[in-house]
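Here is what each chain is made of, one letter per residue.
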Amino acid sequence: MHRAPATAAVCGRLRPALGLILALVAIDPLPALAQAPAQNSLFSAVPSTGLISPSPSTRTDIFGPSSLPTPPPAPTHNAAPPTTASIPPIPAGQVALALSARFGKDAQPIGGGLTWRVYNAKPEANGNFKLVKEDKSPAPTLVLPAGAYIVHVGFGLATAVKPVELRASSVREEFDLPAGGLRIEGKVGDVRIPAGQISFDVYKGSQFEAGDRRPIAERVMTSDVVVVPEGTYYIVSNYGDANSVVRSDIRVQAGKLTDITVTHRAAAITLKLVTDQGGEALANTAWSVLTPGGDVIKESIGAFPRVILAEGEYRAIARNEGKVFEREFKVVTGVDGDVEVRAR
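Scope of this entry: the structure provided in the associated data block. In every chain, residue numbers begin from 1 and rise along the written sequence. With the structure being a predicted model, the display of local features is reserved for residues of pLDDT at least 70 and the display and counting of side-chain atom pairs for 80 or more, all residues being used for whole-chain, interface and lining totals. Based on all heavy atoms of the structure, the side-chain values leave hydrogens and waters out of the count.

### Digging into the overall build of the protein
Piece 1. Strands are runs of DSSP state E lasting at least two residues, helices are runs of H or I lasting at least four, and both sets are numbered from the N terminus onward. For the protein, the count of helices and strands is three helices and 23 strands.
Piece 2. In this scheme, a residue with accessible area under 20% of its type's maximum is buried, one over 50% is exposed, and one in between is partly exposed, where area comes from a 1.4 Å probe on protein chains only. Per-residue burial over the protein gives 43% buried out of 344 residues.

Okay, here's the thing in structure tokens:
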């Protein structure tokens, strides 16, 4: 387990700062990140991203294979974790703070994607906490003047905060970050949807839970790896910008990369206003695609607008030079094609 502050007296001195940290995190850490100045805030204005490079080498370094390997023996209080950097010579009045993080108790260490920030525990006159050190190494050893600090570590969208008191020549702190990776792709039938045509929004909790929520990650692209705390999430998959939307509940486990495939029942349709079948499409045409009940699904202007529609029946309305033309059509999953409306 990670080491707690050394004495009750230390806890007492750090309690006001720690209380403010917990209050900020409990309310909503993301607005605090966006609003506060980079150098004088407990949370930097440039937080660690929730995305990690999708390259195989990076995924292997951080999450390992699809299931967790046998965890290494937990480090003792007197021994550094295997990834912690060696402690450099310490000048007088300075203390070496060795930091590391793992996916949870008795779990493997986190080998990358971490952002460490150290703040003075005492707020400045304006109430902000001064950032004194930042490091992106997996297990850095930071040399700091003796005193009280607050350490914040970010791993994608997972974070942890701990107060520390630097008195001895060296101090080691280990953080538990039970987080996992989420990688999503979309398919129509057995065909993978190309990157750039589909995006995903990620929400905390289940889609069946009551209440309005905002996404914790928006417009995530195919093959991006989003790091989130362990738990239940739901994904809103948007194929195109019309009505092909799929919602899925998923579970993310600590230390694992969860691959999700979302299947859409949809097709890509190109609309054309022509004078004769197979003829040249007329330019400057205003289009509306409606459901049989009259709900507008998509509007656009052009000779060849392309729209991705969920499987079902529709009505295309074309307006050109003050005249209106229309046609009913049907969308079948995976069958892309043209829909021609005759200008007569």
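### Here's the deal with the side chain of Asp201
Piece 1. Relative to the elements of secondary structure, Asp201 occurs in strand β11 (residues 198-204).
Piece 2. Of the buried charged residues, Asp201 lacks a salt bridge, with Arg219 as the closest side chain of opposite charge at 6.4 Å.
Piece 3. Side-chain polar atoms of Asp201 contact the backbone nitrogen of Arg219, separated by 2.8 Å.
Piece 4. Throughout, a contact is declared for two residues whenever any of their heavy atoms are within 4.5 Å. Look past the residues within four positions of Asp201 in its chain and what remains in contact with it is Pro215, Ala217, Glu218, Arg219, Tyr234, Ile235, Val236 and Asn238. Only four residue types enter the tally: Lys and Arg on the positive side, Asp and Glu on the negative side; His and the chain ends are excluded. Only one rule defines a salt bridge in this text: a Lys or Arg side-chain nitrogen within 4 Å of an Asp or Glu carboxyl oxygen. As used in this structure description, the phrase polar contact means that two N or O atoms lie within 3.5 Å; if the pair is within protein, one of them must be able to donate a hydrogen and the other to accept it, and residues adjacent in sequence are counted only when both atoms belong to side chains.

### Brief notes about unusual backbone geometry
Piece 1. Non-glycine residue Asp106 carries a positive phi angle of around 60°.
Piece 2. Relative to the helices and strands, Asp106 resides in the loop between β2 (94-102) and β3 (114-120).
Piece 3. A relative accessible area of 43% places Asp106 in the partly exposed class.

### Looking at the pattern of salt bridges
Piece 1. Under the defined criterion, the tally for this structure stands at 14 salt bridges.
Piece 2. A salt bridge links Glu174 to Arg102, with the nearest nitrogen and oxygen atoms 3.4 Å apart. Of this pair, Glu174 sits in strand β8 (residues 170-176) while Arg102 sits in strand β2, and the two are 72 residues apart along the sequence. Each member of the pair, Glu174 together with Arg102, is buried.
Piece 3. Two residues, Glu134 and Arg117, come together in a salt bridge whose shortest N-O distance is 3.5 Å. Pair noted here: Glu134 is in strand β4 (residues 131-135) and Arg117 is in strand β3, with a separation of 17 residues, a long-range link.
Piece 4. For Arg117, a relative accessible area of 2% gives the class buried.

### Remarks on the environment of Asp241
Piece 1. In this structure, Asp241 sits in the loop between β14 (231-239) and β15 (244-252).
Piece 2. With 68 residues separating them in the primary sequence, Asp241 and Leu309 have C-alpha atoms 8.9 Å apart.
Piece 3. Engagement of the side chain of Asp241 in a polar contact is seen with the side chain of Lys298, the distance being 2.8 Å.

### A few points about the packing of aromatic side chains
Piece 1. Side-chain rings of Phe, Tyr and Trp (the six-membered ring for Trp) are treated as a pair once their centres are within 6.5 Å; stacked means planes under 30 degrees apart, edge-to-face means over 60, and tilted covers the remaining angles. The full count for this structure, using the stated rule, is four aromatic pairs.
Piece 2. Each ring, one from Tyr203 and one from Tyr234, has its centre 4.7 Å from the other, and the planes form 5°; the classification is stacked. Of this pair, Tyr203 sits in strand β11 while Tyr234 is found in strand β14, placing the two residues 31 residues apart along the sequence. Comparing Tyr203 with Tyr234 shows no difference in burial state: the two are buried.
Piece 3. Each ring, one from Tyr314 and one from Phe329, has its centre 5.8 Å from the other, and the planes form 25°; the classification is stacked. One end of the pair, Tyr314, is in strand β21 (residues 312-320); the other, Phe329, is in strand β22 (residues 323-331), with 15 residues separating them in the sequence.
Piece 4. Residue Phe329 is classed as buried on the basis of its relative accessible area, which comes to 7%.
Piece 5. Positioned above the aromatic ring of Phe175, the side-chain terminus of Lys162 is 4.5 Å from the ring centre. Charge-over-ring contacts are defined here by two conditions on Lys NZ or Arg CZ: a distance within 6 Å of the ring centre and an angle within 35 degrees of the ring normal.

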